[in-house]
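# Secondary and tertiary structure notes
Spelled out from the first residue to the last, the chains are:
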Amino acid sequence: MASAAITGAYQSNRGYGRDYNNGGSGGGHTRFSDRTPPPAHRPASSSRGRTSPAPVFPARGRGGYRAEGSGYSSGGGHQYARGRVDQYPSSREGGRGRYGGGGKHSRRSFSSSAPAPDYDRKARAYELSRAYASEYEQGGQERNDIVYREHRTRHSDKGSATGRQKELFVTWRFGIAFALSAEATPRITKALQMTSSDQPLSSEPLSGENPEDAATIDTFQTIARQLRSCNVKFLRVAWCDTANVIRAKAAYVPRLEGVFKDGVALCVGGQALPVMYDADTAGSGLGPVGGLRLMPDWDTLRILPYASGHASVMSNMYTNEGQPSHLCPRNFLRRMIAEASASGVCLKAAFENEFYLLKQPSNGADLVPVDDTTYCMTYAMDINHDVITDICHSLTAQGIVLEQYHAESGNGQHEISIVYSDAMKAADQQIVFRETVKAVAHKHQMVACFLPKIFPNQAGSGTHIHLSLHTRDGTNLVPSETENGSLSPVASHFVAGVLEHLPGLMAITAPTPNSYRRLQPCTWSGAYKAWGYENKECALRVPLNPRGPSPTHFELKTNDATANPYFALGAILAAGLDGVHRKLPLSPPLQIDPGQLSDDERFERNIQRVPTCLEESLGALSSDMVLLEALSPALSQAYLAVKHAEWKAMNKLTLDEEVKLLVNRY
């Protein structure tokens, strides 16, 4: 059975891992090179997307090899994965070599023998992922985001014995490995999707003789074993609430069965909490009566590299009757993605975050930036090297692909850009980004703050959203097919829809009174309801590429980190799709700084300011039937009630009072 082979391999390789730790890395530290090719009968191992030769263990007289990678095969079919596999020392005991620092510290040995069968070899490969998955919690390696599936079909095509073995595939996701037989794949996939689809949950208990039930039980038990093997004690079942506060309930790993079956309970009133305090908002339609179930989306499972013993998973909200809840932010975005797909449009997005690093205050002292540097100064990188490096390592350890980093205009302000992805993943990554930056900064005795405006005389922090439209087969719909440097008809209609709904949309993308302190003319924040090519004063900027095709995406600047990313992307989709369905015409691009024009000139050109306060944008949202219908009656009622309560509570506060209230929320 697969489980027996896997368990045995895991125990064996865990022992080798101890020997690695005890033996150190002394001895041969040269990379295994092309000068020692593997025998033809010994397949090479694949790791981190590249193929490396399987190490050969000489009979005598040579030092060890240090191989950089994730999986390397010994003659006996054993595979070792730790990112660094140290020391295959010389054979000193009649053909048997010791594993460890030069051999003298090791307690285990191995022998060269015939290659292991394919099934056993793959079982061992799986267990190596499991045995060393805890490395991601400590080291933050970039390969955490690799989804590694090894089917070895090429061997089957050649008619080799390997292809005739029972197939096993390994899925390596964020440091957690899952090994499942190929025959069970459809059942397991269905079981995993049970908690992430838009379909009602099954009322069947996770027990009984039904093969699918058994597969579900096995899957969940596998996940629990992986968490335990990574020394995870608590699994945070996370959600992002209506006020964009990231919350979680942590399940104790030995007691995970209840979470697998029924999720985590949450009172419906939890989706009516304003940012200021934990009490449901009057007029929201929500209160102490009624419950929700937070069901984990296992595709988002990740080990937290900054919190030893903790993992996290995003959740979807269901009613107690098993129906997807309209109050769920992820469910709202999922519905909008489905509507876009039905129209032949797939949205890809990336959030571009700016944030401040502040000194940890003591005894009620004011918040102070960690430095007094300005835009793109290399000295800012030097001063903050350790914390920024730690942040970046922690992000990549959770599967986020970084693109660019630089110091921003404000003292102690930074920007880290990440690569775009599908809409749901982009929103999930925004949650991961905020959590990680704040947590890592805290470990460095700093405070990371994403508030749009912290200091009156310093630059504000936006979270610009970069957007592109694609067909289902991945073709980019943004550039014109006939004129390079211009938008296509579909993209033009989409942008026109976003601009038409922008006043109401900003109640979702700029949802706090503090948001409007940032949105001022002549600050590159997008304070005008307009669009333009490479115009940073427009709410919607269209960047141009140095070579075709161009443009390939557009940027919404009137978004900040106080916005719930699921609401923001879902509302943008609703607004843009309305423009596409109605074929709204797009006004000519604005290629000047509107802030330099007089009021009369702006009036003549029909250049309008975006809303100047939250109350104004909430009024626009209240009358925007496209956005309200997209949200659904229940969600729109709760959202408007929460945001009106926040406006009433905070619109009279000074900037210092706002910051003290919200610095730990965002």
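This text follows the structure it describes.
Residues numbered from 1 in each chain as written. Predicted model: local features only at pLDDT ≥ 70, side-chain atom pairs only at ≥ 80, totals over all residues. Heavy atoms only, no water.

Here we take up the layout of surface pockets. Roughly 1,000 Å³ of volume is contained in the second largest pocket. Along the walls of the second largest pocket sit 41 residues, with Glu352, Glu415, His464, His466 and Glu555 positioned nearest its centre. Contributions of two or more residues to the lining of the second largest pocket are made by strand E17 (346-359), strand E18 (402-407), strand E19 (413-418), strand E22 (463-470) and helix H14 (515-518). By residue number, the principal contributor to the lining of the second largest pocket is E17, which donates 6 residues. (1 Å grid on protein atoms, 1.4 Å probe; cavity = no way out; pocket = protein on both sides within 12 Å on 5 of 7 lines; lining within 4 Å. Points joined across faces, edges and corners; volume = space filled by probe spheres on them. Helix = DSSP H or I, 4+ residues; strand = E, 2+ residues; numbered from the N terminus.)

Helix H13 (residues 502-509) sits mainly inside the fold: 7 of its 8 residues count as buried. All buried positions along H13 are accounted for by Leu502, Gly504, Leu505, Met506, Ala507, Ile508 and Thr509. (Buried < 20%, exposed > 50% of the residue type's maximum accessible area, 1.4 Å probe, protein only.)

Okay, the side chain of histidine 501 next. Mapped onto the elements, histidine 501 comes out in the loop between helix H12 (489-500) and H13. Owing to a relative accessible area of 6%, histidine 501 belongs among the buried residues under this scheme. Filtering out sequence-adjacent residues up to four positions away, histidine 501 remains in contact with Ala575, Asp578, Arg582, Asp624, Val626 and Leu627. (Contact = heavy atoms within 4.5 Å.)

Along strand E16 (residues 310-319), 8 of the 10 residues are buried, which leaves the element largely enclosed by surrounding structure. Strand direction decides the pairing type here: strand E11 (residues 234-240) and E16, joined by 5 bridges, are parallel. Each residue of the ladder has a partner; that of arginine 236, found in E16, is serine 312. Across 5 bridges, strand E14 (residues 291-296) lies against E16 in antiparallel orientation. Residue pairing across strands places leucine 292 opposite threonine 319, the latter belonging to E16. Here strand E15 (residues 302-303) pairs with E16 via 2 bridges, running antiparallel. In the strand pairing of E16, arginine 302 is matched with serine 312. (Pairing = 2+ DSSP bridges.)

Let us now look at empty space enclosed by the protein. Within the structure shown, the criterion is met by 3 cavities of 30 Å³ or more. A volume near 40 Å³ is recorded for the second largest cavity. As for the second largest cavity, its lining consists of Trp239, Cys240, Met314, Ser315, Met317, Cys328, Pro329, Arg330 and Tyr566. Mapped onto the lining of the second largest cavity, the elements with two or more residues apiece are E11, E16 and helix H8 (329-342). It is E16 that contributes the most residues to the lining of the second largest cavity, 3 residues altogether. Across the lining of the second largest cavity, the residue classes tally to 7 nonpolar, 1 polar and 1 charged. (Nonpolar A, V, L, I, M, F, W, Y, C, P; charged D, E, K, R; others polar.)

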